[in-house]
Structures are given as structure tokens and as C-alpha cells.
Amino acid sequence: MAEENVTFTLPDLGEGLVEATVLEWQVSVGDVVERNAPLVEVETTKSAVVIPSPKAGRIVELHAQEDQVVPVGDPLVTFAVEAQEQQAGIVGRVPAEEARPARRVRLRPPSD
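The model shown is predicted, which means the values in this text are computed figures rather than measured ones.

Conventions and cut-offs
- Residues numbered from 1 in each chain as written.
- Predicted model: local features only at pLDDT ≥ 70, side-chain atom pairs only at ≥ 80, totals over all residues.
- Heavy atoms only, no water.
- Pairing = 2+ DSSP bridges.
- Helix = DSSP H or I, 4+ residues; strand = E, 2+ residues; numbered from the N terminus.
- Buried < 20%, exposed > 50% of the residue type's maximum accessible area, 1.4 Å probe, protein only.
- Axes fitted to C-alpha atoms, helices over the stretch in contact; angles between N-to-C directions.
- Core = buried A, V, L, I, M, F, W, Y, C linked by side-chain atoms within 4.5 Å.
- Contact = heavy atoms within 4.5 Å.

Enquirer: If you had to explain the sheet that holds strand β6 (residues 57-62) to someone new, which residues and values would you point to?
Expert: Taken in spatial order, the 4 strands of this open sheet run β1-β8-β6-β3, and their pairing is antiparallel. Of all the strands in the sheet, the pair left with one neighbour each is β1 (3-9) and β3 (32-33). Taken together, the 4 bridges between β6 and strand β8 (residues 75-82) define a ladder with antiparallel strand orientation. Residue Ile-59 lies in a different strand from β8, and its bridge partner there is Phe-79.

Enquirer: How would you sum up the pairing of strand β2 (residues 19-25)? Please name residues and give values.
Expert: Where β2 meets strand β7 (residues 69-71), 3 bridges bridge the pair, whose relative direction is antiparallel. If you follow Ala-20 over to β7, its bridge partner there is Val-70.

Enquirer: Could you give me a rundown of the environment of Leu-39, with the residues and numbers involved?
Expert: Mapped onto the fold, Leu-39 is located in strand β4 (residues 38-43). Given a relative accessible area of 0%, Leu-39 falls into the buried group. Leu-39 sits 14 residues away from Trp-25 along the chain, and the two C-alpha atoms are 6.4 Å apart.

Enquirer: Run through the sheet that holds β4, naming residues and quoting values.
Expert: Spatially, 4 strands are ordered β5-β4-β2-β7 in an open sheet, and the strand pairing comes out antiparallel. Edge strands, defined here as strands with exactly one partner in the open sheet, are β5 (48-52) and β7. Between one strand axis and the next, the sheet turns through 40 degrees on average, direction left out of account. Note that β4 and β5 share 5 bridges and pair antiparallel.

Enquirer: Go over unusual backbone geometry, please, and point to the residues and values.
Expert: Phi is positive for Asn-36, which is not a glycine, with a value near 75 degrees. For Asp-67, which is not a glycine, the phi torsion comes out positive at approximately 75 degrees. Counting through the fold element by element, Asp-67 comes out in the loop between β6 and β7. For Asp-67, a relative accessible area of 63% gives the class exposed.

Enquirer: Describe the nonpolar core, with residues and values.
Expert: Within the largest apolar cluster, 18 residues are counted, with the highest numbers of intra-cluster contacts made by Trp-25, Leu-39, Val-40, Leu-76 and Phe-79. Secondary-structure elements contributing two or more residues to this core are β2, β4 and β8. Counting residues per element, this core draws most heavily on β8, at 4 residues. Ignoring anything within four residues of it in the chain, the contact list for Phe-79 reads Glu-4, Asn-5, Val-6, Phe-8, Val-33, Leu-39, Ser-53, Pro-54, Lys-55, Arg-58, Ile-59 and Val-60.

Enquirer: Just give me the short version of the side chain of Ser-53, but keep the residues and values in it.
Expert: For Ser-53, the position within the fold is in the loop between β5 and β6. Residue contacts for Ser-53: discarding those within four places in its chain leaves Val-33, Glu-34, Arg-35, Asn-36, Ala-37, Leu-39 and Phe-79.

Here is the structure:
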């Protein structure tokens, strides 16, 4: 099956944090990782956390060095993953696109 490259950016770690410092990479270029495996340990002004791998695949590129400050939304790592083929709808599977709700409900406080 064909591979495609997918870049994972530094996620919003919450509480208004806008950047994180890379403390230690848990992977190297060329490593094959499973989804949810430890990827990188980062430190914010509030704490140090280990970010898990969002995908299973082979590490193609690490976009930051250890001790480098990375803003939220900047590239962190690029994976080579198996390309997903478009499949026809199968019973029991949810379609990729979401249907808009047919009706909106507005709640109003009771009037006296």
C-alpha cells in the first residue's frame, strides 16, 4: 500500500499556553511507532508532559531540537503512514461527512 506524509503540529496543551519547550524526544527518525506510544516530552510554564503519538507510522522528520521552544500549531514531527483509500459506505460505519442538524432549537427563559 502507498505511503503518505502527515505532519503533526504541537497541540494546544490547555490553559492559554502558547508554547512548549522540547525536553526529550522518545523517538528518532526512521523509528516505527504505534498510535499512543510516547512521542516527545515537552515542558510548559505549568508542567512537563509526554505527548503520545497521534498516528501509527514511521518517523520521517523531527521539526524541533531538544531545548527548542515550539509555538502551539508549529510542526513537531512528520510521519509516513499508509495512505487511506476512499471506501464506499459499509453497514455499521459512519460516513466521513457530518450531516447538519435539520432543526435548531432555541431555548428561552419563561416569561411571566
